[in-house]
Amino acid sequence: MYSGLHLVSQKGLTDSVIGGTLQGGLPVLVVQNRFARAVISLFGAQLLSFIPAGQREWLWLSQKAHLDQTRPIRGGIPICWPWFGARPGPQPLPSHGFARNHLWQLDGISEQIQGTIVSLFLSDDQVKPDYWPYAYELQLDIHVSHQLGLTLTCHNCDRRPWHFAAALHSYFNVGQVQSCQVHGLGGRYRDKLSGQSVIHPGVLQVRPPLDRIYPRAEPQVVLATPNRSLLLDQVGMDSVVVWHPGRHVPGDMEVSQGESMLCVETALLGDQGVLLAPGQAQQLAVTISRQR
Ligand SMILES: O=P(O)(O)OC[C@H]1O[C@H](O)[C@H](O)[C@@H](O)[C@@H]1O
């Protein structure tokens, strides 16, 4: 586990969940059950670490990640909502929306035979930016078991319909990015680097830099590295995004550490977002399991 994730204060919440803070004050939940150990930041409802019993870390977290609640955390599984990427408009708006930049509330912990479910909650009662004048509720359920499950539920609590996009922006710890393959992406992608639509059937052999949206990806995608294969079993998505910045990394990433990272993101993007009617809810989910 990344060394920055040690608790400086802690309190037991249930048999398998401890609440505490990291150095710098980031509030986290540590789940330790017989299946796995997970660290969840309340800032962004962001899973930072997932280590199944007897295995190595599945997720990648930047050693330069900002863990002081001033900026999004580079690594783990950020929640992108209510838009993905940049949002054009008269004022600069946060990349990937505002859900990953705010403190969520703990809604509940459920201890089950098959693991622990931690539920986190964000709504317009807590966070209502002037650029998002709608009533909403978000719930993220994180299931810590021999596999990892994340379900994001978006509710429209407003009287007006609104459009949104969402992504579970997973950063995987892959050993060596050049040796990764991704299966199940479908034969076409939109290349965000060139702006072109490209037809490329077959398995993706990762060669950074790349920033691609695969709108015909299958619900089941496999990320294969020499040491393991992870199956991403997705529900409610319409795209998979694959991203690695190559050597031109953002300021909160090291080039050398970045060589062991690949983002494979479960996304619901629609054409210009997805319309959600008043009173309606929509879910986006991924279950990640090890195949070999
Ligand atoms: O730097 P961030 O705002 O976290 O975005 C990191 C990356 O996220 C996604 O993968 C997008 O497709 C990329 O275009 C973007 O660069």
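Our subject is the structure that appears above.
Structural notes, computed from the coordinates. None of these values were measured; they are calculated from a predicted model.

What follows is about the layout of surface pockets. Considering only enclosed or pocket space, the largest pocket measures out at about 630 Å³ in volume. Around the largest pocket sit 24 residues that line it, and Phe84, Leu269, Asp271, Gln272 and Gly273 are the ones nearest its centre. Those elements giving two or more residues to the lining of the largest pocket turn out to be strand E11 (162-164) and strand E15 (188-191). For the lining of the largest pocket, the element with the highest residue contribution is E15, accounting for three residues. Here the residues of the lining of the largest pocket are counted per class, giving 11 nonpolar, seven polar and six charged.

This part covers the sheet that holds strand E4 (residues 36-41). Strands sit in the order E1-E2-E3-E4-E5 across an open sheet of five strands; the sheet is antiparallel. Each edge of the open sheet carries a strand with a single partner, namely strand E1 (7-12) and strand E5 (46-52). On average, adjacent strands in this sheet sit at an angle of 20 degrees to one another, irrespective of strand direction. Note: strand E2 (residues 17-22) against strand E3 (residues 27-32), five bridges, orientation antiparallel. The partner of isoleucine 18 across the bridge, within E3, is valine 30.

On to the packing of aromatic side chains. Two numbers describe a pair of aromatic rings. These are the distance of the centres and the angle of the planes. As enumerated under the stated definition, the model contains 15 aromatic pairs in all. Ring centres 5.8 Å apart and planes at 80 degrees place the aromatic pair tryptophan 81 and phenylalanine 98 in the edge-to-face group. On the criterion of sequence distance, the pair formed by tryptophan 81 in the loop between strand E6 (79-80) and strand E7 (105-112) and phenylalanine 98 in the loop between E6 and E7 is long-range, its members being 17 residues apart. With respect to burial, tryptophan 81 and phenylalanine 98 carry one shared label: buried. With centroids separated by 5.0 Å and ring planes inclined at 40 degrees, the aromatic side chains of tryptophan 81 and tyrosine 136 adopt a geometry described as tilted. On the criterion of sequence distance, the pair formed by tryptophan 81 in the loop between E6 and E7 and tyrosine 136 in strand E9 (residues 136-144) is long-range, its members being 55 residues apart. In this structure an aromatic cluster arises from ring pairing among Trp81, Trp83, Phe98, Tyr131, Trp132, Tyr134, Tyr136, Trp162 and Phe164. When the ring centre of tyrosine 189 is taken as reference, the NZ or CZ atom of arginine 212 above it lies at 4.1 Å.

The subject of this paragraph is the pairing of strand E18 (residues 210-214). By the criterion of burial, E18 is predominantly enclosed, with five of the five residues buried. Burial along E18 is two-sided: the residues Leu210, Arg212 and Tyr214 and Asp211 and Ile213 are all buried. Sheet topology places E15 next to E18; two bridges connect them, and they run antiparallel. Within E18, the residue paired with arginine 190 across the bridge is isoleucine 213.

Further remarks concern the sheet that holds strand E8 (residues 115-123). Either a parallel or an antiparallel arrangement is found when strands of a sheet pair, and the pairing is made through backbone hydrogen bonds. Strand order in the open sheet made by the nine strands is E7-E8-E9-E10-E24-E20-E19-E14-E17, with antiparallel pairing throughout. The sheet is open, and its two edges are formed by E7 and strand E17 (204-205), each paired on a single side. Sheet analysis places strand E19 (residues 220-224) next to strand E20 (residues 229-235), joined by five bridges and oriented antiparallel. Bridging across to E20, alanine 224 finds its partner in serine 229.

Analysis parameters
- Residues numbered from 1 in each chain as written.
- Predicted model: local features only at pLDDT ≥ 70, side-chain atom pairs only at ≥ 80, totals over all residues.
- Heavy atoms only, no water.
- 1 Å grid on protein atoms, 1.4 Å probe; cavity = no way out; pocket = protein on both sides within 12 Å on 5 of 7 lines; lining within 4 Å.
- Points joined across faces, edges and corners; volume = space filled by probe spheres on them.
- Helix = DSSP H or I, 4+ residues; strand = E, 2+ residues; numbered from the N terminus.
- Nonpolar A, V, L, I, M, F, W, Y, C, P; charged D, E, K, R; others polar.
- Pairing = 2+ DSSP bridges.
- Axes fitted to C-alpha atoms, helices over the stretch in contact; angles between N-to-C directions.
- Phe/Tyr/Trp six-rings, centres within 6.5 Å; stacked < 30°, edge-to-face > 60°.
- Buried < 20%, exposed > 50% of the residue type's maximum accessible area, 1.4 Å probe, protein only.
- Lys NZ or Arg CZ within 6 Å of the ring centre and 35° of its normal.

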